[in-house]
Amino acid sequence: MHRIKDRLNSTLVLDTSKSGGTPEPRNGMLEVKHVYQRQGLNFARHAVAITVEGSKMDELAKAEGWIAEFPMYDWVGGRTSEMSAVGLLPGALQGIDIWMMLDGAKAMDAATRLPQIKGNPAALLALSWYAAGEGKGKKDMVVLPYKDSLLLFSRYLQ
């Protein structure tokens with residue numbers, strides 16, 4: 001927040017929480033809201049919610065008059081569900097071709113449903129790790145980012 005304090009007036013805040021009651025996302029939102037208020041800015045004029053209809057966040061966003069809300073459906077896993085509004089909205093705002101992402105996800109969904117192990121990449125990976133770990137989890141998988149901009153990706157995977 002310190003790095004963008006001079007650009008808050010032109011910054012869009014996406015707040016994502018399925019329930020609106022999980023402490024970490026709620027506390028983060030309250031901290032950001034506080035920074036906006038300290039600068040004399042109306043947080044609601046910069047805030048967008050991605051949440052389930054009827055959730056605490058939905059109620060808060062409506063009560064405060066946030067810019068918009070995008071639906072998170074009950075069957076979506078939560079704030080880590082990249083192929084829902086949770087990941088697609090930020091991706092689209094960054095210029096990522098979300099239709100290509102969805103096409104790729106559709107292709108992988110089809111590939112990982114194949115009953116033949118040789119054609120199923122998920123089954124092959126699971127079988128490889130099972131074999132490498134001698135069926136007892138003796139091996140770990142490590143993902144090392146090869147570029148500074150991917151640092152948060154490795155932390156996300158953890």
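Residues numbered from 1 in each chain as written. Predicted model: local features only at pLDDT ≥ 70, side-chain atom pairs only at ≥ 80, totals over all residues. Heavy atoms only, no water.

## Section: the packing of aromatic side chains
Spelled out, the test is: Only Phe, Tyr and Trp rings are paired, with Trp represented by its six-membered ring, and only when their centres lie within 6.5 Å; those with planes under 30 degrees apart are stacked, over 60 edge-to-face, the remainder tilted. Numbered from the N terminus, helices here are DSSP runs of H or I no shorter than four residues, and strands are runs of E no shorter than two. Relative accessibility under 20% of the residue-type maximum defines a buried residue, over 50% an exposed one, and the middle range a partly exposed one, all with a 1.4 Å probe and only protein chains included.
Considering all chains together, one arrives at 3 aromatic pairs under this definition. With 5.5 Å between their ring centres and 85° between their planes, Phe43 and Trp66 make a pair best called edge-to-face. Note that Phe43 is positioned in the loop between helix 1 (23-38) and strand 2 (47-51) and Trp66 in the loop between helix 2 (56-64) and strand 3 (68-71), a separation of 23 residues in sequence. No difference in accessibility class separates Phe43 from Trp66, as the two residues are buried. Look at Tyr73 and Trp75: their rings are 6.0 Å apart centre to centre, the planes differ by 5°, and that puts the pair in the stacked class. The exposure class of Tyr73 is partly exposed, given its relative accessible area of 47%.

## What about the sheet that holds strand 1 (residues 13-16)?
Filter applied, for reference: Being paired, for any two strands, means DSSP has found at least two bridges between them. Axes here refer to lines fitted to C-alpha atoms; in helices the fit is confined to the stretch in contact. Angles between the N-to-C directions go from 0 to 180 degrees.
Pairing is parallel across the open sheet formed by 3 strands, whose spatial order is 1-2-3. Looking at which strands have only one partner, the edges of the open sheet turn out to be strand 1 and strand 3. Pairs of neighbouring strands in the sheet enclose a mean axial angle of 20°, with direction left out of account. Relative to strand 3, strand 2 runs parallel, the two being bridged by 4 bridges. Looking across to strand 3, one finds that Ala49 is bridged to Glu69.

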